[in-house]
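Breakdown of the fold
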Amino acid sequence: MTDLLVLCTGNAARSVMAGFMLDALWDGRPDPLHVVTAGTHVIDGQPMGMRTRAALARIPELADADFRRHRSRQVHGVDLVRAELVVVMEADHVRFVRRQFPDAAAKTGTIRHLCGALPSPPPSLGERVASLGLAETELSDSDDVLDPAGAEGDVYAACVDELWGLCQTLVRLL
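A brief look at the structure comes next. (Residues numbered from 1 in each chain as written. Predicted model: local features only at pLDDT ≥ 70, side-chain atom pairs only at ≥ 80, totals over all residues. Heavy atoms only, no water.)

**Section: the overall build of the protein chain**
For clarity, the threshold we go by: By the criteria applied, helices consist of DSSP H or I runs no shorter than four residues and strands consist of E runs no shorter than two, each listed in order from the N terminus. As a reference, a globule follows 2.2 Å times the number of residues to the power 0.38, and the radius of gyration itself is taken over C-alpha atoms. Only heavy atoms matter for contacts: two residues are in contact if any of them lie within 4.5 Å across the pair. Charged-residue counts in this description rest on Lys and Arg as positive and Asp and Glu as negative, His and the chain ends being excluded. Where a charge lies is defined by one atom per residue type: Lys uses NZ, Arg uses CZ, Asp uses CG and Glu uses CD.
If you tally the helices and strands in the protein chain, you get seven helices and four strands. Order of helices (α) and strands (β) in the protein chain, N terminus to C terminus: β-α-β-α-α-β-α-β-α-α-α. Over its C-alpha atoms the protein chain spans a radius of gyration of 15 Å, differing by no more than 12% from the 16 Å that the globule rule assigns to 174 residues. Taken over the C-alpha atoms alone, the protein chain extends approximately 40 × 35 × 30 Å along its principal axes. When contacts within the protein chain are restricted to residue pairs at least 6 apart in sequence, those whose partners lie at least 24 apart make up 75%. Here the protein chain carries 17 positive and 24 negative side-chain charges, and the mean point of each set is 3 Å from the other.

Now the structure itself:
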C-alpha cells in the first residue's frame, strides 16, 4: 500500500481537493493507495466549505464523492511517519515540515515540484523519492498552488482546475 499525506494550511481547500482527486484518479488500480489530508494550522473538525464543495463537484470523476465525510485536522507526527510521500501545496508547508518534523523533510515536496521531478516507476516510490534530495531542495514560492481561502467561487474553480492537472500527473508518477 502506498501512503500519501497531503498538506495545506487549514485542511479546508487545497489538501482536501487534492485528496479527493487522488482517491478518484487511483480508483480501480490493483495496488491500494491510502491518502490522508491534514493542515499545518487547523481548526480541527470543520466540514468542507461550500465553495470547495461546489468547485470539486464540477469534476465529473468526483460526481459520486461524499464530500460530507471530510473534517479538517491538524497534522501530527504519526501522519508523517506513516507517509511514504508528503505532498504539500506551497513552499511554506515544506518549511513547516523541515522546522517541526525534520525527519520527514526528505520525503516532503510541493505538488508542482514533485510533478516535475519525481522519476517514473520503477524502482519503488521510496527509492525514487530518496533520489530527489528533498530535504536539501531549494524552495521557490513559484511552485505554490495559491490558497483560494476567502475568494469567490471562480478562484476556487481555478484552484480545482490547477490541482486536477497536477494530480493526474502525480498519479502517473506514483
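Now that the structure has been shown, the text picks up again.
**Digging into helix α2 (residues 50-57)**
Rules: Think of it in three bands: with a 1.4 Å probe and only protein chains considered, a residue is buried below 20% of the maximum accessible area for its type, exposed above 50%, and partly exposed in between. Along the arc lie the directions from the helix axis toward the C-beta atoms.
Those residues of α2 not exposed but buried are T52, A55 and L56. Along the axis of α2, the buried residues cluster in a sector spanning 95°; they form a single face. Its buried side turned inward, α2 meets α1 (14-26) and α7 (153-173).

**A short note on the nonpolar core**
Test applied: Among the buried residues, those of types Ala, Val, Leu, Ile, Met, Phe, Trp, Tyr and Cys that are joined through side-chain atoms within 4.5 Å form a nonpolar core.
If you look at the biggest cluster of nonpolar residues, it comprises 42 residues, and the most contacted ones within it are M17, M21, L56, I111, L163 and L170. Elements that contribute at least two residues to this core include exactly β1 (2-8), α1, β2 (33-39), α2, β3 (85-88), α5 (111-117), α6 (125-130) and α7. The leading source of residues in this core is α7, at ten residues. Sequence-distant contacts of M17, that is, excluding residues within four places in its chain, are made with T52, L56, P148, Y156, C159, V160 and L163. In terms of nonpolar packing, the next biggest core, distinct from the first, is built from twelve residues, L5, L80, V88 and V94 among them.

**Describing the sheet that holds strand β4 (residues 108-110)**
Within a sheet, each strand pairs with its neighbour through backbone hydrogen bonds, oriented either parallel or antiparallel. The cut-off we apply is this: For two strands to be treated as a pair, DSSP must find at least two bridges joining them. Angles run from 0 to 180 degrees between N-to-C directions of axes, and those axes are lines fitted to C-alpha atoms, restricted for helices to the stretch in contact.
Spatial strand order, β2-β1-β3-β4: four strands in an open sheet with parallel pairing. In the strand order of this sheet, the two ends are held by β2 and β4, each with one partner. Averaged over all pairs of adjacent strands, the angle between their axes in this sheet comes to 25°, without regard to strand direction. Summarising the sheet, β3 and β4 pair through three bridges and their orientation is parallel. Considered in β4, the bridge of V86 is made with T108. In the packing of α1 onto the sheet, the strands contacted are β1 and β2, and the crossing angle to β2 comes to about 175°.

**Quick notes on the side chain of T110**
Rules: For this analysis, a polar contact is any N or O atom pair within 3.5 Å, provided that within protein one partner can donate a hydrogen and the other can accept it, and provided that sequence-adjacent residues contribute only side-chain to side-chain pairs.
For T110, the position within the fold is in strand β4. From its side chain, T110 meets the backbone nitrogen of H113 in a polar contact 3.1 Å long. In contact with T110, not counting residues within four places along its chain, are V88, E90, A91, V94 and D143.

**Some thoughts on the packing of aromatic side chains**
Basically, it comes down to this: For Phe, Tyr and Trp, where Trp contributes only its six-membered ring, two rings pair if their centres lie within 6.5 Å, and the inter-plane angle classes them as stacked under 30 degrees, edge-to-face over 60, or tilted in between. Remark: a charge is flagged as sitting over a ring if the NZ atom of Lys or the CZ atom of Arg is within 6 Å of the ring centre and within 35 degrees of the ring normal.
Following the criterion strictly, the structure yields two aromatic pairs and no others. Centroid distance F20 to F67: 5.0 Å. Interplanar angle 75°. Geometry classified as edge-to-face. Of the two residues, F20 is situated in helix α1 and F67 in the loop between α2 and α3 (77-82); the sequence distance between them amounts to 47 residues. Like F67, F20 is buried. The ring of W26 has R29 sitting right over it, with the charged end atom 4.6 Å from the ring centre.

Any functional reading would require information that these geometric values do not contain.
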